[in-house]
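Reading the structure
Spelled out, the chains give:
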Amino acid sequence: MGRGIALTVAGHGFPVILYDLNTELISAARSIIENELDEALKKKRISTTDKENTIGKIIFTSSPEDCRAPLIIEAIVERTEAKCALFIQLELINSKETIFATNTSSLSVTLIAEQTPFPERVIGMHFFNPANRMKLVEIIKTKYVSEQLVNRIVIFTRQLEKTPVICLDAPGFIVNHVARPFYLEALRLADEKITDMGTIDKVLESAGFKLGPFHLMDLIGNDINFTVSHSLYEALGKPARLKPSALQENMVKQGLLGRKTGIGFFHYTKPPAE
């Protein structure tokens, strides 16, 4: 997700610092971004100059000291304490005007904001996977942020040629709240052996969905999808209709996460270029 956001932002002319503590992940991110640009060049979606300009806009680093910017977008593990700790660490070396945007797909943005000394500068900016292709961005505002800050993020999102949708901080925001039955009912059908996963996907794709639920869960990552289901289930008081799938939970425990591991509900020969 982080590299997809970086590719999007750099591709629209903004300088980007892509940071991860793991040097191997940073190296892999550079390779995947270069492959993505090569593929776009091959399909004549961009020019050689576009490719060079985009990659030239990105600084790849594993040093937090390099992370100085007017806008910081985190896309790390879905744990409130980890996101807060990162924001607090980076605030120490940044301007008092720096905005901190969390790409969380299910955690409370308000809670993240409240655990920092600067809640008025924390906002949700939820991209969808793959971030460099999906148009929608949910902008989640809390009671702490001003309308001026929200408007700045809206303008920036439009500069990325994305579609911004503003919503209040609530469990699952808009898309993940609406999408839970899509995933959970498909999982129940498969778990009860009413039909197989491939058939479910084919039926829904023939009805107009770009991806069926199982291919989509594999693309998102079963670990991420399950975490979102669990977070929403807990936040809404554990309604039976939103109970997370034991089938998916077992897959996560086995490390069958989808495309990023080469196997999920389906088998994949290689990770996708995201």
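Let us look at the structure shown here. (Residues numbered from 1 in each chain as written. Predicted model: local features only at pLDDT ≥ 70, side-chain atom pairs only at ≥ 80, totals over all residues. Heavy atoms only, no water.)

**Focus on the packing of aromatic side chains**
Summed over the entire model, instances satisfying the criterion amount to six aromatic pairs. Consider the rings of Phe-100 and Phe-118, whose centres lie 4.9 Å apart with planes at 40°: the pair is tilted. Within this pair, whereas Phe-100 is found in strand β4 (residues 99-102), its partner Phe-118 is found in the loop between α5 (109-114) and β5 (122-127), the two being separated by 18 residues in sequence. Side by side, Phe-100 and Phe-118 carry an identical accessibility label, which is buried. Ring plane angle 20° and centroid distance 5.1 Å describe the contact between Phe-182 and Phe-209, whose orientation is recorded as stacked. Of this pair, Phe-182 sits in helix α7 (residues 175-191) while Phe-209 sits in the loop between α8 (197-206) and α9 (213-220), and the two are 27 residues apart along the sequence. Taking the relative accessible area as the measure of exposure, Phe-209 reaches 41% and is therefore partly exposed. Three or more aromatic residues joined by ring pairs form one cluster here, namely Phe-87, Phe-100 and Phe-118. (Phe/Tyr/Trp six-rings, centres within 6.5 Å; stacked < 30°, edge-to-face > 60°. Helix = DSSP H or I, 4+ residues; strand = E, 2+ residues; numbered from the N terminus. Buried < 20%, exposed > 50% of the residue type's maximum accessible area, 1.4 Å probe, protein only.)

**Observations concerning unusual backbone geometry**
Most of the time, phi is negative for any residue but glycine, and the peptide bond is trans. Of note, the bond from Asn-129 into Pro-130 is cis; its omega dihedral lies within 30 degrees of zero at -5°. Along the chain, the position of Pro-130 falls in the loop between β5 and β6 (136-141). Even without glycine at this site, Lys-44 takes up a positive phi of about 65°. Position of Lys-44 relative to the elements: it lies in the loop between α2 (23-42) and α3 (48-56).

**Quick word on the nonpolar core**
Membership of the largest hydrophobic core comes to 29 residues, with the highest contact counts inside it found for Leu-18, Ile-33 and Ile-123. Of all the secondary-structure elements, those providing two or more residues to this core are α1 (2-11), β1 (16-19), α2, β2 (58-61), β4, β5, β6 and α6 (147-159). The residues touching Ile-33, leaving out its near neighbours within four places in the chain, are Arg-3, Leu-7, Leu-18, Ile-55, Ile-58 and Phe-60. One finds Ala-186, Leu-187, Phe-214 and Met-217 within the second-largest nonpolar core, a separate group that totals 15 residues. (Core = buried A, V, L, I, M, F, W, Y, C linked by side-chain atoms within 4.5 Å. Contact = heavy atoms within 4.5 Å.)

**Notes on the sheet that holds β6**
The strand order across the open sheet formed by five strands is β3-β4-β5-β6-β7, and the pairing between neighbours is mixed. Taken across any chain shown, the strands that pair with only one partner, and hence form the sheet edges, are β3 (71-74) and β7 (163-168). In this sheet, adjacent strand axes meet at a mean angle of 30° when their direction is disregarded. In this sheet, β5 lies alongside β4 in parallel orientation, the contact comprising three bridges. In the sheet register, Thr-102 faces β5, and the bridge partner there is Gly-124. Packing of helix α4 (residues 80-91) onto the sheet brings it into contact with β3, β4 and β5, and relative to β4 it is tilted by some 160°. (Pairing = 2+ DSSP bridges. Axes fitted to C-alpha atoms, helices over the stretch in contact; angles between N-to-C directions.)

**Some details on the pattern of salt bridges**
For the structure on display, the rule yields 15 salt bridges. Note that Arg-30 is salt-bridged to Glu-34, the shortest N-O span being 3.1 Å. Taken together, the residues Arg-30 and Glu-34, both in helix α2 and four residues apart, mark about one turn of the helix. Given a relative accessible area of 29%, Glu-34 falls into the partly exposed group. Close ionic contact of Glu-185 with Arg-188 constitutes a salt bridge, the shortest N to O distance being 2.9 Å. With Glu-185 and Arg-188 both in helix α7 and three residues apart, the pair spans about one turn of that helix. Taken together, the shared-partner salt bridges in this structure form one network comprising Glu-74, Glu-78 and Lys-83. (Salt bridge = Lys/Arg side-chain N within 4 Å of Asp/Glu carboxyl O.)

**Quick look at the pairing of β1**
Judged by which residues are buried, β1 turns out to be one-sided: Val-16 and Leu-18 face inward and are buried, whereas Ile-17 and Tyr-19, on the alternate face, are not. Note that β1 and β2 share four bridges and pair parallel. What sits directly across from Tyr-19, in β2, is Thr-61.

**Overview of helix α10 (residues 222-235)**
Taking 1.5 Å per residue as the helical rise, α10 with its 14 residues ought to reach 20 Å, and the 20 Å between its terminal C-alpha atoms agrees with that figure. If you check which residues of α10 are buried, you get Asn-222, Asn-225, Phe-226, Val-228, Ser-229, Ser-231, Leu-232 and Tyr-233. Buried residues along α10 sit in contact with α7, α9 and α11 (246-253). One or two residues past the end of α10 sits Gly-237, with phi positive at roughly 85°. (Expected span 1.5 Å × (residues − 1).)

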